[in-house]
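These are the residues of each chain, in order.
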Amino acid sequence: QVQLVESGGGLVQPGGSLRLSCAASGRIFSISAMGWFRQAPGKEREFVATLFSAGSTHYADSVKGRFTVSGDSVKNTVYLQMSSLKPEDTAVYYCYLRSRATYWGQGTQVTVSS
């Protein structure tokens, strides 16, 4: 089994920055991708960013140019660097890992407000 633990969420002002981390542990055979989804209250969960094992990335149009996903293969950790944050970025952010199966973290709250 694989466990994912997110950290780094919190309250930030519009225009500010925040870095999320997600550390994976357990029986990991191979990783094809790690990344992030988010979900605002009353809304569907939406894709944010993916880091593929070869190093390529993919972003939702809503965050492109503002967010950067990166990883540390030794630590089995993925990061989401968020800048120029907007109130509409407010959501619970969930980390995922794709291996033999897909695993999810518990989520971390990001609130962008004055």
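Here the structure is a predicted model, which is why all the values come from computation and not from measurement. (Residues numbered from 1 in each chain as written. Predicted model: local features only at pLDDT ≥ 70, side-chain atom pairs only at ≥ 80, totals over all residues. Heavy atoms only, no water.)

Enquirer: Run through the overall build of the protein, naming residues and quoting values.
Expert: When its secondary structure is counted, the protein shows zero helices and 11 strands. Taken from N to C terminus, the helices and strands of the protein fall in the order β-β-β-β-β-β-β-β-β-β-β. Over its C-alpha atoms the protein spans a radius of gyration of 13 Å, differing by no more than 12% from the 13 Å that the globule rule assigns to 114 residues. Overall, the protein is about 45 × 25 × 25 Å in size when its C-alpha atoms are taken along their principal axes. Every one of the 114 residues in the protein was classed for burial, and the buried ones make up 40%. Counting only contacts in the protein whose residues sit at least 6 apart along the sequence, the fraction spanning at least 24 positions is 53%. Surface exposure of the protein reaches about 6100 Å², of which carbon and sulfur atoms provide 49%. (Helix = DSSP H or I, 4+ residues; strand = E, 2+ residues; numbered from the N terminus. Rg over C-alpha atoms; globule rule 2.2 N^0.38 Å. Buried < 20%, exposed > 50% of the residue type's maximum accessible area, 1.4 Å probe, protein only. Contact = heavy atoms within 4.5 Å. Areas by Shrake-Rupley, 256 points an atom, 1.4 Å probe, with all protein chains shown as cover.)

Enquirer: I'd like a rundown of the sheet that holds strand β1 (residues 2–7), residues and numbers included.
Expert: Taken together, four strands build an open sheet; the order of strands is β1-β3-β8-β7 and the sheet is antiparallel. The sheet is open, and its two edges are formed by β1 and β7 (67–72), each paired on a single side. Within this sheet the neighbouring strands show an average axis-to-axis angle of 15 degrees, counted without direction. Pairing of strand β3 (residues 18–26) with strand β8 (residues 77–82) involves six bridges; the strand directions are antiparallel. Note that in β8 the partner of Leu-18 across the bridge is Met-82. (Pairing = 2+ DSSP bridges. Axes fitted to C-alpha atoms, helices over the stretch in contact; angles between N-to-C directions.)

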